[in-house]
Amino acid sequence: MTHFLTKASLAAVLALCSIPATVSTAAAAGPQTNLVVEAQYHRPIYGCSPMRAVRKAHYLGLRDVRIARMSPRVVVVAGRDRRGWDRITFANVRGCPLIRR
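The name given to the chain in an unreviewed UniProt entry is Antifreeze protein, with Rhizobium fabae as the source organism.

Caption draft 1: Just the nonpolar core, in detail. With 10 residues, the main nonpolar core is built from Cys 48, Ala 53, Ala 57, Leu 62, Val 65, Val 75, Val 77, Ile 88, Phe 90 and Cys 96. Contributing elements (two or more residues each) for this core: helix 2 (50-59), strand 2 (74-80) and strand 3 (85-91). The residues touching Cys 48, leaving out its near neighbours within four places in the chain, are Ala 53, Met 70, Val 75, Phe 90, Ala 91, Asn 92, Val 93 and Cys 96.

Caption draft 2: Up close: the pairing of strand 1 (residues 63-70). Pairing analysis gives five bridges linking strand 1 to strand 2, with the strands arranged antiparallel. Within the sheet, the bridge partner assigned to Arg 63 lies in strand 2 and is Arg 80.

Caption draft 3: Representation of the pattern of salt bridges in the model. Counted under the stated rule, the structure contains three salt bridges. A salt bridge links Asp 81 to Arg 83, with the nearest nitrogen and oxygen atoms 3.5 Å apart. Residue classification places Arg 83 among the exposed residues on the basis of a relative accessible area of 72%. In this structure, Asp 86 and Arg 101 form a salt bridge, with 4.0 Å as the shortest nitrogen-oxygen distance. You can see Asp 86 sitting in strand 3 and its partner Arg 101 sitting in the segment after strand 4 (98-100), a full 15 residues away along the chain. For Arg 101, a relative accessible area of 44% puts it in the partly exposed group.

Caption draft 4: Spotlight on the environment of Val 74. With respect to the secondary-structure elements, Val 74 resides in strand 2. By relative accessible area, which is 16% here, Val 74 ends up buried. Along the backbone, Val 74 and Pro 97 are 23 residues apart, and their C-alpha atoms lie at a distance of 9.9 Å. Not counting residues up to four positions away in its chain, the partners in contact with Val 74 are Arg 69, Thr 89, Phe 90, Asn 92 and Ile 99.

Caption draft 5: Structural view of the sheet that holds strand 4. Spatially, 1-2-3-4 is the arrangement adopted by the four strands of the open sheet, whose pairing is antiparallel. At either end of the open sheet lies a strand with only one pairing partner, and these are strand 1 and strand 4. Here the strands of the sheet are splayed against their neighbours by 35° on average, with no regard to which way each runs. Those strands touched by helix 2 are strand 1, strand 2 and strand 3, and its axis lies near 135° from that of strand 1.

Caption draft 6: Here's a closer look at unusual backbone geometry. For Asp 64, which is not glycine, the phi dihedral falls at a positive 55°. Inspection of the secondary structure puts Asp 64 in strand 1. Judged by relative accessible area, Asp 64 falls into the partly exposed class, the value being 42%. At Cys 96, a residue that is not glycine, the phi angle is positive and equals roughly 50°. Along the chain, the position of Cys 96 falls in the loop between strand 3 and strand 4.

How each quantity is defined
- Residue numbers run consecutively from 1 along every chain, following the written order of its sequence.
- Only residues with pLDDT of at least 70 get local features here, since the model is predicted, and only at 80 or more are side-chain atom pairs given and counted; chain-wide, interface and lining totals rely on the full set of residues.
- Neither water nor hydrogens contribute to the side-chain values; these are computed over all heavy atoms in the structure.
- Side-chain atoms within 4.5 Å are what join buried Ala, Val, Leu, Ile, Met, Phe, Trp, Tyr and Cys residues into a set we call a nonpolar core.
- Any residue under 20% of the maximum accessible area for its type is buried, any over 50% is exposed, and the rest in between are partly exposed; the area is computed with a 1.4 Å probe on protein chains only.
- Here a helix means four or more residues in a row that DSSP labels H or I, a strand means two or more in a row labelled E, and each is numbered from the N terminus.
- Contact definition: two residues touch when any of their heavy atoms are within 4.5 Å.
- When DSSP finds two or more bridges between a pair of strands, those strands are recorded as paired.
- By definition here, a salt bridge exists when the distance from a side-chain nitrogen of Lys or Arg to a carboxyl oxygen of Asp or Glu is within 4 Å.
- Under this scheme, a helix contributes an axis fitted over its contacting stretch, all axes are lines through C-alpha atoms, and angles between N-to-C directions fall in the 0 to 180 degree range.

Set out below in structure tokens:
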């Protein structure tokens, strides 16, 4: 019984001593991490991202794909296929649907 009381009191003392140390550390790191999170996740991309358009064009068979033109409505990528240079037009909305090949 004395071993149990000794271990329980030691655990309680350690728990009480560690509370002020964690509070001061968390308070010091709070605002700095908030700014980093806001900078990284400012707003989600609702349209067709250029990287997604390039990836989809590569899956459709184009090689050496690059962005040719980007507007609020369309994303045009250009690249080479078996016959030569080709362009693919995607809508600038979520999912990058194909408009014209």
